Structure formats: structure tokens, C-alpha cells
Amino acid sequence: MGEQKRDRRDYERGLPGYHDPMHRLTGAPAALSALTLRLWLAGFGAVFCTVAAVLLWVYLPPLSWMAWILLVLAVIAVVDFAWVAHRKLRGEPG
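If you're wondering where the values come from, they're calculated on a predicted model, not measured in any experiment. (Residues numbered from 1 in each chain as written. Predicted model: local features only at pLDDT ≥ 70, side-chain atom pairs only at ≥ 80, totals over all residues. Heavy atoms only, no water.)

### Re a nonpolar patch on the surface
A contiguous nonpolar patch, built from V47, V51, V54, L55, W57, V58, Y59, L60 and W68 and spanning about 920 Å² of accessible area, is present on the exposed surface. Sort the elements by how many residues they give to the nonpolar patch and helix α3 (residues 35-59) lands first, with seven residues. Within the element layout of this structure, L55 appears in helix α3. For L55, a relative accessible area of 43% gives the class partly exposed. (Patch = residues over 30% accessible without salt bridge, like charges linked within 9 Å, V, L, I, M, F, W, Y side chains within 5 Å. Areas by Shrake-Rupley, 256 points an atom, 1.4 Å probe, with all protein chains shown as cover. Salt bridge = Lys/Arg side-chain N within 4 Å of Asp/Glu carboxyl O. Helix = DSSP H or I, 4+ residues; strand = E, 2+ residues; numbered from the N terminus. Buried < 20%, exposed > 50% of the residue type's maximum accessible area, 1.4 Å probe, protein only.)

### Focus on the nonpolar core
Core analysis: the largest hydrophobic core is formed by seven residues, namely C49, A52, A53, L56, A67, L70 and A74. Counting only elements with at least two residues in this core, the list comes to α3 and α4 (64-90). With four residues, the single largest contributor to this core is α3. Leave out the neighbours within four places in its chain, and C49 touches L70, L73 and A74. (Core = buried A, V, L, I, M, F, W, Y, C linked by side-chain atoms within 4.5 Å. Contact = heavy atoms within 4.5 Å.)

Note that all results are geometric; they support no functional claim without further evidence.
In C-alpha cells, the structure reads:
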């Protein structure tokens, strides 16, 4: 089966069964994503990890290895933030 072409109206309504592959078997309604919550959590994670990394470097230089880990997590949070923002701008509900 080929991939069907979707337009903006499909994303605004939400993609049925997109987040729950078992929705047809159990009879439950298709789940919709909580994109706004995910956007807030990714933003908080990026800010928190960045600030914590800077504070570790300034005040506890022996723990600079942990600051590097926090910076990697901050980059991951920024990428997640950008992807969720892209999905919201595309018109997906949530």
C-alpha cells in the first residue's frame, strides 16, 4: 500500500490512530498528541540544562564532565523543541 498524500486539514483534525497502533483492536478512540505540553517541557529542559551546565563550570570546575552531559541534554531538548514546533506549525492539534 502506498503512502497517501495528506493536506493541512488532515493534520488539523489529527491523524487517526497515529499514536496508538492498537486502537482498531481495542475499540478505543484514537489518541491525540499533547504537543503543547511537550513544547513546554522541551523548553524547560533546554533552559534548565544550559543554566545548570554554566553554573557547574563557573562554581564547580571539577564537575565539568557533568556540565558536558548537561549540554548534550540541552542540545537534545532544543532539537525536540524545534521538531515539536514544526509539527504544531504544520497544523497538528495538541
